[in-house]
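# Structure assessment
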Amino acid sequence: MLKQSFKFAITILFILAIGGLSVPPEPVQFTSSPQVFYNPSNLPHLFLDLRAPKETLERIIEVNNLFSSYLIPSARRFGKFSNLHPSFRFVLEDKEVKVLFLDWIELELRGEKVLKYNPPNQLPQLFPQNELEKLKRKLTQDIKIALNELWKILEPENIEASILDKLVKIYGFEKRKLLEELDKEIQIENYQVKVREILQIPKFEKKDFLPDLIIVGELPFGILGAATLSLEGAKRVVFYSPLGWRFDFIMGKPYILMHELVHANTQIQALPLVYYFHAEMFAELSMLMADIYPFELFFHGYLEPVRRAVWNYFSFDVREAAKQIFSFSTARVYTIDEEKFRKFHIMVQEIAKELKRFVKERLYPEFYSHPLYWVAFNTKLCQSYAFFDLFMGLEYEPTILDGAENTKKFLLKHEKVILEIAKKALKKAGEKKETPEKLEEELSGFSFCPQDLVWWPVHVFPPGKAKELINSLSWQELKLFLEEAFNLFEGGDSR
Amino acid sequence: MRRKLTLLLLIILPSTLLVGCATQYDEAFFEEAKNKFTPEESLAAYYYSLLLLFAFQDDKGMWHADYRALTNRDVLATVNSMLSDIDNILKSKFWLRLVRRLELEQPLLRKEAILRYIRERLAFRELMIKFYKLIGEAVPELKLETNNPAYLNGGGSYKPTLKSTLREEGSEKFDPLILWPTVDLRKFKFVPTYISEAKREGKLYKLGDLFLFDEEKEVKSLYEIAKNQTPSEKLEKVREGYLIRAFKVIDPEIPNKKQVADVIEVFRVFEIKLDQETLIYQREPQPFMIGYRGLKSRSVNVWVIDIDRPEETGYGIPNEVVTQVNIKVPRDLITKEVQYAFLIKYSRYEKPKEKREIPEETEIKLEIVRAGGIKVDPWEYSEEGFKVPFVYKEKEQEEWKFRVGVKLEEGKILYVEKIWYRKGVREKFNLKEEFAQKEYLDAKVTNKILTLHPKGEFSIEGHVDLFIKPLPFEITYEVENNLVIIRDENEDGIFEKRRVIAK
Ligand SMILES: [Zn+2]
């Protein structure tokens, strides 16, 4: 029984890099007399060929170049574990984090210690030993930035206070009494459990965002990062691919890392609750909130529900805007209308600013004051982001039909018809549709509603291509890879 | 200025819908709406429909989430689904290995216990809903002990104002208070309001008591003896029986001649042997079964069942509400067949145990089999078949000279045996098809009467021949210090195999 592979472990940031899959693999060649590459910069070698422009459009171009030059054929492969990978530990917020550089190996060459960069199916490169220090320094720095940035944009203390306010209002407790109540312990079977834990009301601490292990190594399909979904008390792992790291370098902030740290936080994305809401959207929204890169909104698959809501509530048609900015001359070449870009960019930044408020003041407090209720709601509608769609309506007046007033008139006039349609739709929700065989085979036994992490490949891959891509995935290799990765916890320091 | 870029990647452009393996609400909504509205109108209508169904407006026109828009059953279904997710992870060999590496097994088991706890509370609420619906009364509201008015307690300004056809599920609604451990479920007693009011006003009268010891089917009026006894742990339970007690609401203002009960309580009673001469009777403190008359019924038809024994944790909290039988007076429970079976079913009910098979790592074995190794078959074969070489079944008048045995292993009945004890012959029978498929909790024999207790069904009782196939599949007999087994494996009445075992 080798099922639920994806259900349990992997959430994947999957914005890009699908198109290259049709390119045939390049033959791998190793030079016979290896040369050690001298790197005079303080930056690790990974970033030497990249620029980190301040301007959004420049960034988009730079990101495009990154993915264009990336040898995607190699991306189907997973890295191989050995006991030569360098690793180190550091302590942040009283938590020890171990980092393992999977794509690097420590070697001795002509009596000298060298570092070999050896990602799967790419040409290896040799560096002097001090390259490792640079990698360690940069990664430690980036994790610190990611953590502080997350803390800054989410303002978890405020979210926590809003959740409590909401509970006070709804249940009629006094605040002090409520806190007492949430901390009350009751006996469930052999466990002492706090009321807070039963109701799944989160308590935020900085260190909860930190995993126990970070594995830096290339992932298949150009996946930029991944994280295990977990529970308090268990070891948590974040996978961070050099491609993702390079992407973060261009963006100027470790977005991919931030995204994965949200998944790693068991207060907000605990098993099995996390299967029942659009956890990817939650993780991605925190990236959208981290200013500078609101352009996520145009492309990111995880933000589809946000785009649609933005259209309905803010009248901004993201799809139309994207069409006007990017025009495709052939399938692989497009032109950018810079004027339009700048115009829409200002609007998108306005939207991002508004969404920032929405996420902190409505989305988190509403969802996390009654998480069990909202996941049941998603299940009923068989739609992992149904809660988000509802919350938008609690917060904003729709404007899509020529302004708020007209839209409201229309809706009131058609209330009865809308309810009739709703009734029929509710009945249909949850009806099973065709599923790629391979996926069904791997995940049989799991509920189809709501569709989220479990069935991610189906809604992350582009329609029409999903089936082919899912069937081409090497499940066996994935399983082996995970097994080897998690084995690191047994071996302790030996690796 | 326009720039040209080579794009090696496929940018996922916004699409109206996500593709998935099951129909989503939004998808179905747009499909339904496409002939009535433009895409923009559909979108506005979609978002609005969520508000109509799952939120409500206050006096100022502000929308608020309605935590009672789902049914209790909706939430219960999701909790069940989560429990099966954990179960799926823990019963897969591969994932369990990874889970253990990540030290995730214990946290998962803890989470499972919490979810089970939540499920129990939701199931309890579901039972409450079912009970009051069957009785025909409103389901009691859950309440928190708080000082301030809150909308969930019926106060404050949060009053649902919107009425819609879809939201008339009324009492079946989910109440978020059910998840708060502070709401003590033991306070809810599953008593119809008309009964508790009658009790308060002194209008509930006892109709009488009835004793029954089911093994001998005797009815004794021994309640007075039992009443004066105090339980002691040293005592041994000798026989189990029932005390059936009936009540009726009698209102002097309403003439009511019929002696039809409104409440029937059934207690377990034990006949205890203190010493050779003294028998005492003891009853459990609370009935395991209480029947009430629904408001529209002419007999007691709604039964609340608590299958737990006093020493178990769930004792005092009902497990089931059923309506399988109607009873007018206590005697009906023991004189009518179906009603009696109903009584027996629930008094002996055993909860199915939830047990997960934790996969073990496969043991590696070394087994070398040499070619041409000696093959031994202990059986002899004959086409005409083997027979018992003597008469062991007597003539009709002595037909009864056999005993019956039954072999039950792990819920399956392996065989039923007729033992012709005078000649030492044992016939083994398979159950008839309709009985063979079932899983059994217990099987008992009294003389030639076989009593089977299928899991989750009424027990069945009857003469052994009712249950077994007409011909035995195996006969064992003894000749000259040898035990002989003959066997018929294809049910053609010919015993084609024989095996002789020296004694
Ligand atoms: Zn993710």
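The structure displayed is predicted, hence computed values, not measured ones.

## Describing the overall build of chain A
- Across its full length, chain A carries 21 helices and 13 strands.
- Here chain A, with 495 residues, has 63% of them falling under the buried criterion.
- If you take every contact in chain A between residues at least 6 apart in sequence, the share linking residues at least 24 apart comes to 69%.
- Of the accessible surface of chain A, which amounts to about 18600 Å², a share of 51% is contributed by carbon and sulfur atoms.

## Some words on the overall build of chain B
- Scanning chain B for helices and strands turns up ten helices and 20 strands.
- Residues classed as buried in chain B amount to 50% of the 503 residues present.
- Long-range pairs, those at least 24 residues apart, make up 59% of the contacts in chain B with a sequence separation of at least 6.
- Of the roughly 27600 Å² that chain B leaves accessible, carbon and sulfur atoms contribute 49%.

## Some remarks on the pairing of strand 8 (residues 191-194) of chain A
Residue and element names in this part refer to chain A.
- Side chains Tyr 191 and Val 193 of strand 8 all project onto a buried face; the interleaved residues Gln 192 and Lys 194 project onto a face where none is buried.
- Summarising the sheet, strand 7 (residues 185-188) and strand 8 pair through four bridges and their orientation is antiparallel. Pairing of Ile 188 across the sheet is with Tyr 191, part of strand 8.
- Counted between consecutive antiparallel strands, the loop separating strand 7 from strand 8 contains two residues, among which Glu 189 sits at a positive phi close to 50°.

## Comments concerning the coordination of the zinc ion
Residues and elements named next belong to chain A.
- The protein atoms that coordinate the zinc ion are His 259 (NE2), His 263 (NE2), Glu 280 (OE) and Glu 280 (OE), at distances spanning 2.0 to 2.7 Å.
- Counting residues between consecutive donors of the zinc ion along the chain gives the motif H-x3-H-x16-E. With His 263 in helix 8 (residues 255-264) and Glu 280 in helix 9 (residues 279-289), this residue pair connects regions lying 17 residues apart in the sequence. Across this residue pair, the class does not change: His 263 and Glu 280 are buried.

## Notes on the pattern of salt bridges
- On inspection of all chains with the given rule, the structure shows 60 salt bridges over all chains.
- Glu181(A) is the salt-bridge partner of Lys177(A), the closest N and O atoms lying 4.0 Å from each other. Of this pair, Lys177(A) and Glu181(A) both sit in helix 5 (residues 175-183), four residues apart, roughly one helical turn.
- A salt bridge links Arg293(B) to Asp262(B); the nearest nitrogen and oxygen atoms lie 2.5 Å apart. Linking Arg293(B) in strand 8 (residues 289-293) with Asp262(B) in the loop between strand 5 (237-249) and strand 6 (263-273), this pair joins segments that are 31 residues apart in sequence. Residues Arg293(B) and Asp262(B) agree in their burial class; the two are buried.
- Overlapping salt bridges, with partners in common, bring together Lys166(A), Glu354(A), Arg357(A), Glu361(A), Arg362(A), Glu366(A) and Glu395(A) in one network.

## Considerations on the sheet that holds strand 17 (residues 460-463) of chain B
All names here are of chain B.
- Across the sheet, three strands lie side by side as 15-16-17; this open sheet has antiparallel pairing. Lying at the two open borders of the sheet, with one neighbouring strand each, are strand 15 (440-446) and strand 17. Averaged over all neighbouring strand pairs, the angle between strand axes comes to 15°, with direction disregarded.
- Bridging between strand 15 and strand 16 (residues 449-454) involves six bridges; their strand directions are antiparallel. Paired with Tyr 440 across the strands is Pro 454, a residue of strand 16.

## Section: the nonpolar core
- Counting 233 residues, the largest nonpolar core has Phe387(A), Phe388(A), Tyr25(B), Phe29(B) and Trp180(B) as the members making the most contacts within it.
- Ignoring anything within four residues of it in the chain, the contact list for Phe388(A) reads Met281(A), Leu285(A), Pro305(A), Val306(A), Ala309(A), Phe358(A) and Leu363(A).

## Thoughts on the environment of Arg101(B)
- Along the polypeptide, Arg101(B) turns up in helix 4 (residues 93-101).
- Since its relative accessible area comes to 17%, Arg101(B) is described here as buried.
- In terms of polar contacts, Arg101(B) uses its side chain to reach the side chain of Asn487(A), at 2.3 Å.

## Some details on the domain arrangement of chain B
Residue and element names in this part refer to chain B.
- On domain assignment, one finds that chain B holds domain 1 (25-141 + 168-179), domain 2 (190-347) and domain 3 (380-502).
- Counting from both sides, the interface comprises six residues of domain 2 and, opposite them, five residues of domain 3.
- At the junction of domain 2 with domain 3, the criterion picks out zero salt bridges.
- For the pair domain 2 and domain 3, the interface holds zero residue pairs in polar contact (both at pLDDT 80 or more).
- Residue composition of the side of domain 2 that touches domain 3, grouped by class: three nonpolar, one polar and two charged.

## Re the side chain of His453(B)
- You can see His453(B) is positioned in strand 16.
- Among residues more than four places away in sequence, those in contact with His453(B) are Arg348(B), Glu439(B), Tyr440(B), Leu441(B), Asp442(B) and Ser459(B).

## Focus on the packing of helix 9 of chain A against helix 13 (residues 338-369) of chain A
All names here are of chain A.
- Their axes nearest at 9 Å, the elements helix 9 and helix 13 cross at an angle of 145°. Taken as a pair, helix 9 and helix 13 cross one another with a handedness that is left-handed. For the pair helix 9 and helix 13, contact is made by Phe 282, Leu 285, Leu 288 and Met 289 and by Ala 352, Leu 355, Lys 356, Val 359, Lys 360, Leu 363, Tyr 364, Phe 367 and Tyr 368, respectively.
- Classifying every residue of the contact of helix 9 with helix 13 gives eleven nonpolar, no polar and two charged.

## Section: the environment of Lys203(A)
Residues and elements named next belong to chain A.
- Assignment of secondary structure puts Lys 203 in the loop between helix 6 (195-199) and strand 9 (213-216).
- On a C-alpha basis, the gap between Lys 203 and Lys 113 in space is 46 Å, while along the polypeptide they are 90 residues apart.
- Lys 203 has contacts with Glu 160, Arg 196, Asp 208 and Gln 267, leaving out every residue within four places of it along the chain.

## Some thoughts on the side chain of Glu284(A)
Residue and element names in this part refer to chain A.
- Examined against the element boundaries, Glu 284 turns out to sit in helix 9.
- Of the side chains bearing the opposite charge, Arg 307 lies closest to the buried Glu 284, which forms no salt bridge; the N-O distance is 9.1 Å.
- Here His 259 takes part through its side chain, which lies 2.8 Å from a polar atom of the side chain of Glu 284.

## Here's the deal with the packing of aromatic side chains
- Counted by the stated rule, this structure contains 53 aromatic pairs over all chains.
- Summarising the aromatic geometry, the rings of Tyr240(A) and Trp245(A) are spaced 5.9 Å apart at their centres and angled 40° between planes, so their arrangement reads as tilted. For the pair formed by Tyr240(A) and Trp245(A), the shared burial category is buried.
- Just above the ring of Phe267(B) sits the side chain of Arg283(B); from NZ or CZ to the centre is 4.3 Å.
- Directly above the ring of Trp379(B) sits Lys497(B), whose terminal nitrogen or CZ lies 4.7 Å from the centroid.

## Some thoughts on the layout of surface pockets
- The volume enclosed by the second largest pocket comes to roughly 740 Å³.
- In terms of lining, the second largest pocket is formed by 28 residues, of which the most central are Glu197(A), Asp208(A), Glu232(A), Thr266(A) and Gln267(A).
- Those elements giving two or more residues to the lining of the second largest pocket turn out to be helix 6 of chain A together with helix 5 (105-135) of chain B.
- With four residues, the top contributor of residues to the lining of the second largest pocket is helix 5 of chain B.

## Observations concerning the sheet that holds strand 18 (residues 474-479) of chain B
Residue and element names in this part refer to chain B.
- Spatially, 11-20-19-18-14-13-12 is the arrangement adopted by the seven strands of the open sheet, whose pairing is antiparallel. Looking along the sheet, the strands with just one partner apiece sit at the ends: strand 11 (380-386) and strand 12 (403-409). Going across the sheet, the axis of each strand differs from the next one's by a mean of 25°, ignoring polarity.
- Sheet topology places strand 19 (residues 482-487) next to strand 20 (residues 495-502); six bridges connect them, and they run antiparallel. Across the sheet, residue Ile 486 finds its bridge partner in strand 20, namely Arg 498.

## A word on helix 12 (residues 318-325) of chain A
All names here are of chain A.
- Among the residues of helix 12, Val 318, Ala 321, Ala 322 and Ile 325 are the ones counted as buried. Axial view of helix 12: buried residues confined to an arc of 100°, hence all on one face.
- Looking at where helix 12 begins, the residue whose side-chain oxygen comes 3.2 Å from the main-chain nitrogen of Arg 319 is Asp 317.

## Structural notes on the confidence of the model for chain B
Residue and element names in this part refer to chain B.
- Overall, the predicted model of chain B reaches an average pLDDT of 78, with 78% of residues at or above 70.
- Counting contacts from residues 147-166, a segment whose pLDDT is below 50, to residues more than four positions away or on other chains yields 44 contacts.
- Contacts from residues 216-229, a stretch scored under 50 in pLDDT, to residues over four places away or in other chains number 28 contacts.
- The complex model carries a pTM of 0.77, and its ipTM stands at 0.89.

Calculation criteria
Residues numbered from 1 in each chain as written. Chains lettered and ligands numbered in written order. Predicted model: local features only at pLDDT ≥ 70, side-chain atom pairs only at ≥ 80, totals over all residues. Heavy atoms only, no water. Helix = DSSP H or I, 4+ residues; strand = E, 2+ residues; numbered from the N terminus. Buried < 20%, exposed > 50% of the residue type's maximum accessible area, 1.4 Å probe, protein only. Contact = heavy atoms within 4.5 Å. Areas by Shrake-Rupley, 256 points an atom, 1.4 Å probe, with all protein chains shown as cover. Pairing = 2+ DSSP bridges. Donors = N, O, S within 2.8 Å, 3.2 Å for Na, K, Ca; no water. Salt bridge = Lys/Arg side-chain N within 4 Å of Asp/Glu carboxyl O. Axes fitted to C-alpha atoms, helices over the stretch in contact; angles between N-to-C directions. Core = buried A, V, L, I, M, F, W, Y, C linked by side-chain atoms within 4.5 Å. Polar contact = N/O pair within 3.5 Å; in protein donor to acceptor, adjacent residues only side chain to side chain. Domains from an automatic or database assignment. Nonpolar A, V, L, I, M, F, W, Y, C, P; charged D, E, K, R; others polar. Left-handed = near helix turned anticlockwise from the far one by under 90°. Lys, Arg positive; Asp, Glu negative; His and termini not counted. Phe/Tyr/Trp six-rings, centres within 6.5 Å; stacked < 30°, edge-to-face > 60°. Lys NZ or Arg CZ within 6 Å of the ring centre and 35° of its normal. 1 Å grid on protein atoms, 1.4 Å probe; cavity = no way out; pocket = protein on both sides within 12 Å on 5 of 7 lines; lining within 4 Å. Points joined across faces, edges and corners; volume = space filled by probe spheres on them. Arc of directions from axis to C-beta. pLDDT = per-residue confidence, 0-100.

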